[in-house]
Amino acid sequence: MAKAKTENKEEKKYSKMYLGPTVGKYGLQNGSVIIGDVKILYESAIKEIPELEKLFVNVDKDLALKKGAIFQKGTNENFYYSKVIEKLTGGK
């Protein structure tokens, strides 16, 4: 009987960069690098503004593309950035 081969599938961990607008209330500043679990570190901020979570991106080879996409209409990054701005300004 052949034994099933098991692999240790560890998720590759990256530092995250916050690409959203500055949110002083939570100490979030555009371009900040975060090491650790974003969901735990910014739990109350994400609870209040769930779109923030989508603006923490992996610091990897695609970072420059994601940074540029923030200001490119029609991208997911721009959508979430705009939603956060809308919530911070009270929908104005």
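Here the residue numbering is sequential within each chain, running from 1 through the sequence in written order. Confidence filtering applies because this is a predicted model: local features only for residues at pLDDT of at least 70, side-chain atom pairs given and counted only at 80 or more, and all residues used for totals across whole chains, interfaces and linings. Water and hydrogen atoms were dropped before computing side-chain values, which therefore reflect all heavy atoms in the structure.

To define a nonpolar core, start from buried Ala, Val, Leu, Ile, Met, Phe, Trp, Tyr and Cys residues and group those joined through side-chain atoms within 4.5 Å. The buried label applies to any residue whose accessible area, calculated with a 1.4 Å probe on protein chains only, is under 20% of its type's maximum; exposed applies above 50%, and partly exposed to all values in between. Counting 20 residues, the largest nonpolar core has Y18, L28, Y42, L52 and F56 as the members making the most contacts within it. When contributions to this core are tallied by element, the ones reaching two or more residues are β1 (16-18), α2 (43-48), β3 (56-58) and α4 (76-88). In what follows, residue pairs with any heavy atoms lying within 4.5 Å of each other are defined as contacts. With residues near it in sequence (within four places) discarded, F56 still touches K16, M17, Y18, L28, I34, V38 and Y42. In DSSP terms, a helix is any run of H or I states spanning at least four residues, a strand is any run of E spanning at least two, and both are numbered starting from the N terminus.

For two strands to pair, DSSP has to find at least two bridges joining them. The 3 strands lie next to each other as β2-β1-β3, forming an open sheet whose pairing is antiparallel. At either end of the open sheet lies a strand with only one pairing partner, and these are β2 (33-34) and β3.

Together, V33, I35 and V59 line one region of the surface with nonpolar side chains, adding up to about 280 Å² of accessible area. Along the polypeptide, V59 turns up in the loop between β3 and α3 (63-69). Patch rule: a residue counts if its relative accessible area is over 30% and it has no salt bridge; like charges are joined within 9 Å, and nonpolar side chains (Val, Leu, Ile, Met, Phe, Trp, Tyr) within 5 Å. Working definition of accessibility: Shrake-Rupley area with a 1.4 Å probe, residue cover restricted to the visible protein chains. By salt bridge we mean one thing: a side-chain nitrogen of Lys or Arg within 4 Å of a carboxyl oxygen of Asp or Glu.

All right, on to the environment of I49 then. One can find I49 in the loop between α2 and β3. Separated by 39 residues in sequence, I49 and L88 have C-alpha atoms that sit 8.8 Å apart. The residues contacting I49, other than those within four sequence positions of it, are V84, K87 and L88.

Any pair of Phe, Tyr and Trp rings, taking the six-membered ring for Trp, is counted once the centres come within 6.5 Å. Such a pair is stacked with planes under 30 degrees apart, edge-to-face with planes over 60 apart, and tilted for the rest. A complete count under the given rule lists 4 aromatic pairs for this structure. Their ring planes at 45° and their centres at 5.1 Å tell us that Y18 and F56 sit as a pair that is tilted. In this pair, Y18 is assigned in strand β1 and F56 in strand β3, connecting sequence segments 38 residues apart. On the accessibility criterion, Y18 (0% relative accessible area) is buried. For F56, a relative accessible area of 6% gives the class buried. With a centroid separation of 5.2 Å and an interplanar angle of 75°, the aromatic rings of F79 and Y80 are classed as edge-to-face. With relative accessibility at 44%, the residue F79 sits in the partly exposed group. Given a relative accessible area of 23%, Y80 falls into the partly exposed group. An aromatic cluster is defined as three or more aromatic residues linked by ring pairs; in this entry it consists of Y18, Y42 and F56.

In this section: the confidence of the model for the protein. For every residue, the predictor states its confidence as a pLDDT score lying anywhere from 0 to 100. When pLDDT is averaged along the protein, the result is 87, and 84% of the positions lie at 70 or above. This model gives residues 5-11 a pLDDT under 50, and the stretch forms 0 contacts once residues within four places in sequence are excluded.

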